[in-house]
Amino acid sequence: MVGHEFVRLLEALWTRGREVPYAPVSASQLRVLYTLERDEGINLRTLGELLESAPPSVSRLCDRLEALGFVRRLPSQVSRRELELHLTSHGRTYLQELRGRRGTSLLEVIEGMTPAAARALLVGLAGFRDALGETGSAPGLRPADDARSA
């Protein structure tokens, strides 16, 4: 029963963080930005594999992000036939600002907690992170399902 309550509360916390609007990008585009931040310089094929998306969909996502000035395609240093995907400084700034807004939103909730409850939450979340291990993702979840992707 404790596990179910934990999951319910963690989902509520996660939902609170996602309530911060991330316009002008969609959730799918945000996943692309997070992926490129983590795997700078990958090509469209690799991005599609990581997102488990079809090449035309990935290409359209990148077209839109490039039009917004968040992503730049550059010739690959390995193959003349491939393009590498890179975040622009504008894209990096956007992610920093989004994290800041999400952090502010979550801190408002934490500030309403008692100091003892906040410390217990910190200890519990540290234990949760440690249980994730080196992969940074919960067992049974695909990388696209983990918290970094949304």
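Keep in mind that this is a model prediction, so the values were computed, not measured.

Caption draft 1: Highlighting the overall build of the chain. A count of helical and extended segments in the chain gives 6 helices and 2 strands. Starting at the N terminus and ending at the C terminus, the chain contains elements arranged as α-α-α-α-β-β-α-α. Out of the 150 residues belonging to the chain, those deemed buried represent 27%. Long-range contacts, defined here as pairs at least 24 residues apart, represent 58% of the contacts in the chain between residues at least 6 apart. Carbon and sulfur atoms make up 59% of the accessible area of the chain, which totals about 9800 Å².

Caption draft 2: Expanded view of the nonpolar core. Core analysis: the largest hydrophobic core is formed by 20 residues, its most contacted members being L30, V32, L33, L47, V71 and Y94. Listing elements by their share of this core, those giving two or more residues are α2 (27–38), α3 (44–51), α4 (55–68), β2 (83–87) and α5 (89–111). The element contributing the most residues to this core is α2, with 5 residues. Once you skip the residues sitting within four places of it in the chain, V71 turns out to touch L33, L36, L65, E66, L85, H86, L87 and T88.

Caption draft 3: Main features of α4. Taking 1.5 Å of rise per residue, the 14 residues of α4 would be expected to cover 20 Å, and the 20 Å separating its terminal C-alpha atoms lies within 8% of that figure. Of all the residues in α4, the buried ones are V58, L61, C62 and L65. For α4, the angular spread of the buried residues around the axis is 95°, confining them to a single face. Where α4 is buried, its residues meet α2, α3, β1 (71–75) and β2. Residue G69 follows α4 closely and has a positive phi angle near 85°.

Caption draft 4: Quick peek at the pairing of β2. Taken across its 5 residues, β2 has 4 buried, putting it largely inside the fold. Pairing of β1 with β2 involves 5 bridges; the strand directions are antiparallel. Bridging across to β2, R73 finds its partner in L85.

Caption draft 5: Here's a closer look at the packing of aromatic side chains. Tallied over the entire structure, the rule returns 1 aromatic pair. Taking 4.9 Å as the distance between ring centres and 20° as the angle between the ring planes, the aromatic pair formed by F70 and Y94 counts as stacked. Of this pair, F70 sits in the loop between α4 and β1 while Y94 is found in helix α5, placing the two residues 24 residues apart along the sequence. Of the residues examined, F70 reaches a relative accessible area of 3% and is grouped as buried. Judged by its relative accessible area of 7%, Y94 falls in the buried class.

Caption draft 6: Highlighting the confidence of the model for the chain. The predicted model of the chain averages 82 in pLDDT, with 81% of residues at 70 or higher. Note on residues 140–150: pLDDT is under 50 here. Beyond four places in sequence and across chains, it has 16 contacts.

Parameters at a glance
- Residues numbered from 1 in each chain as written.
- Predicted model: local features only at pLDDT ≥ 70, side-chain atom pairs only at ≥ 80, totals over all residues.
- Heavy atoms only, no water.
- Helix = DSSP H or I, 4+ residues; strand = E, 2+ residues; numbered from the N terminus.
- Buried < 20%, exposed > 50% of the residue type's maximum accessible area, 1.4 Å probe, protein only.
- Contact = heavy atoms within 4.5 Å.
- Areas by Shrake-Rupley, 256 points an atom, 1.4 Å probe, with all protein chains shown as cover.
- Core = buried A, V, L, I, M, F, W, Y, C linked by side-chain atoms within 4.5 Å.
- Expected span 1.5 Å × (residues − 1).
- Arc of directions from axis to C-beta.
- Pairing = 2+ DSSP bridges.
- Phe/Tyr/Trp six-rings, centres within 6.5 Å; stacked < 30°, edge-to-face > 60°.
- pLDDT = per-residue confidence, 0-100.

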